[in-house]
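Observations on the model geometry
What follows is each chain in one-letter form.
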Amino acid sequence: MKRLCNFYPLLFSLCLQLPASFSANAQDSARKSLLVDLSYHSLNNAVVYLSVHAKTKEKGKFVPVGGARFHLYLDKDSAACFAGDALTDTKGAAITFLPPSLQHQWNSAATHTFIAVSGDEGAFNPSRTEASVVKAHLEIDTGQGRTIIAKIVELKNGEWVPVKAVEIKVAIRRSGSDLAVSDKDSYTTDSTGTISAEFHRDGIPGDKNGLLTLVAKVEDNDSYGNLRVEKSEPWGAVLKLADTFDKRSLWAARFKTPIWLLFMEYSIFLSVWSVVIYLVFQIIKIIKAGRLA
């Protein structure tokens, strides 16, 4: 009987906690899960930044999530290792650069882990994403003729060591996207960490001095992330801009319209209005004839 008396208060407290737990579970189930992709990027072995892409699954499709805020950290999620905040745009993407305050920590080791944490707010459950990277340098140079040479080395035991079997893409930087220097899209490094590519884009326009920006890049590598280096070479066709400002052309000033275009424009204008005026006179004649009848 004494045990039974002790059991009733315990049962009563459990009954009070059940609605709260059901409410919390219902709230969590109503929220969506964030799918986060965290990437490391290095530009010309000098600029380091992180990119975050957030998406969720709706009706069997992946949809980018805009307005998602992430706290980024280097190696551990503490205030001393804080790398910055990232807020995704309408495409679900955001970037942040590694701050100078973490330079000493970055230089202290060959391998690092980046962490992206989203808070418990909004319509999504909190998330934590990690991406590990091995520090590496990518180099680009030119050889005899129009040969492009790229080499990748990684930091190991305080020394830069060549890396074998890494895919490197060699391209020309264009305004829309990079253009491969030949029909081959990528090259695999040998035991010296080196690849060689032939330039087959003769006649491609450069700038006013004929300069082209050559690019060597490693994309989405499991160990090294995204690496990119650039180098300018005078291998392009010199861009010559014709001076047509004071001449009649389609792209000239307002009062320099080509004669043939003016002739077409006024011919169409006169033809249309001639038909309209003719129809008006015919209508007037019909009205007068109706009154006489």
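A brief structural summary. Note that the structure is predicted; figures quoted are calculated from it, not measured. (Residues numbered from 1 in each chain as written. Predicted model: local features only at pLDDT ≥ 70, side-chain atom pairs only at ≥ 80, totals over all residues. Heavy atoms only, no water.)

**Structural notes on the overall build of the protein**
Our working rule: Put simply, DSSP H or I for four residues or longer makes a helix, DSSP E for two residues or longer makes a strand, and each gets a number counted from the N terminus. Whether two residues are in contact is decided by their heavy atoms: any pair within 4.5 Å suffices. For the area figures, the Shrake-Rupley method with a 1.4 Å probe applies, and any residue is considered shielded solely by the protein chains shown.
Counting its regular elements, the protein contains 3 helices and 17 strands. In the protein, the share of contacts with a sequence separation of at least 24, taken over all contacts with a separation of at least 6, comes to 50%. Carbon together with sulfur atoms contributes 58% to the accessible area of the protein, which is approximately 19500 Å² in total.

**Examining the packing of aromatic side chains**
Counted only if it meets this: Within 6.5 Å between ring centres, the rings of Phe, Tyr and Trp (the latter by its six-membered ring) count as paired, and their orientation is classed by plane angle as stacked under 30 degrees, edge-to-face over 60, tilted in between. Partly exposed describes any residue whose relative accessible area lies between the buried limit of under 20% and the exposed limit of over 50%, with all areas from a 1.4 Å probe on protein chains only and scaled to the type maximum.
Per the stated rule, a full pass over the model turns up 7 aromatic pairs. Their ring planes at 50 degrees and their centres at 5.5 Å tell us that Tyr49 and Phe97 sit as a pair that is tilted. Taken as a pair, Tyr49 in strand 2 (residues 47-58) and Phe97 in strand 6 (residues 93-97) lie far apart in primary sequence, 48 residues in all. For Phe97, a relative accessible area of 47% corresponds to the partly exposed category. One aromatic cluster in this structure is built from Tyr40, Trp106 and Phe114.

**Overview of the sheet that holds strand 8 (residues 127-134)**
Test applied: When DSSP finds at least two bridges between two strands, those strands are taken to pair. Helix axes are fitted to C-alpha atoms over the stretch in contact, other axes to C-alpha atoms as well, and angles between N-to-C directions run from 0 to 180 degrees.
Reading across from one edge, 5-4-7-8 is the order of the 4 strands in this open sheet, with antiparallel pairing throughout. The outermost strands of the open sheet, each flanked by one partner alone, are strand 5 (82-87) and strand 8. For this sheet, the mean angle separating the axes of adjacent strands, direction not counted, is 20 degrees. Sheet analysis places strand 4 (residues 69-74) next to strand 5, joined by 5 bridges and oriented antiparallel. In the sheet register, His71 faces strand 5, and the bridge partner there is Asp85.

**Quick look at the pattern of salt bridges**
Heads up, the condition is: Definition used for salt bridges: Asp or Glu carboxyl oxygen within 4 Å of a side-chain nitrogen of Lys or Arg.
Considering all chains together, one arrives at 13 salt bridges under this definition. The partner of Glu154 in a salt bridge is Lys156, with the nearest N and O atoms 3.2 Å apart. A relative accessible area of 43% means that Lys156 is categorised as partly exposed. Note that Glu230 is salt-bridged to Arg228, the shortest N-O span being 3.0 Å. You can call Arg228 partly exposed: its relative accessible area is 21%.

**A short note on the environment of Gly206**
Relative to the assigned elements, Gly206 resides in the loop between strand 15 (194-198) and strand 16 (212-221). Here Gly206 falls in the buried class, since its relative accessible area comes to 14%. Taking the C-alpha atoms as reference points, Gly206 and Leu239, separated by 33 residues in sequence, lie 6.1 Å from one another. Contacts of Gly206, omitting those with residues within four sequence positions, involve Leu211, Leu212, Gly236, Ala237 and Leu239.

**Some words on a nonpolar patch on the surface**
Rules: Each patch is built from salt-bridge-free residues with over 30% relative accessible area, joining like charges within 9 Å and nonpolar side chains (Val, Leu, Ile, Met, Phe, Trp, Tyr) within 5 Å.
A cluster of nonpolar side chains, Tyr266, Ile268, Phe269, Leu270, Val272, Trp273, Val276, Ile277, Val280, Phe281 and Ile284, forms an exposed patch at the surface whose accessible area comes to about 1100 Å². Following the sequence through the fold, Leu270 ends up in helix 3 (residues 259-292). Given a relative accessible area of 54%, Leu270 falls into the exposed group.

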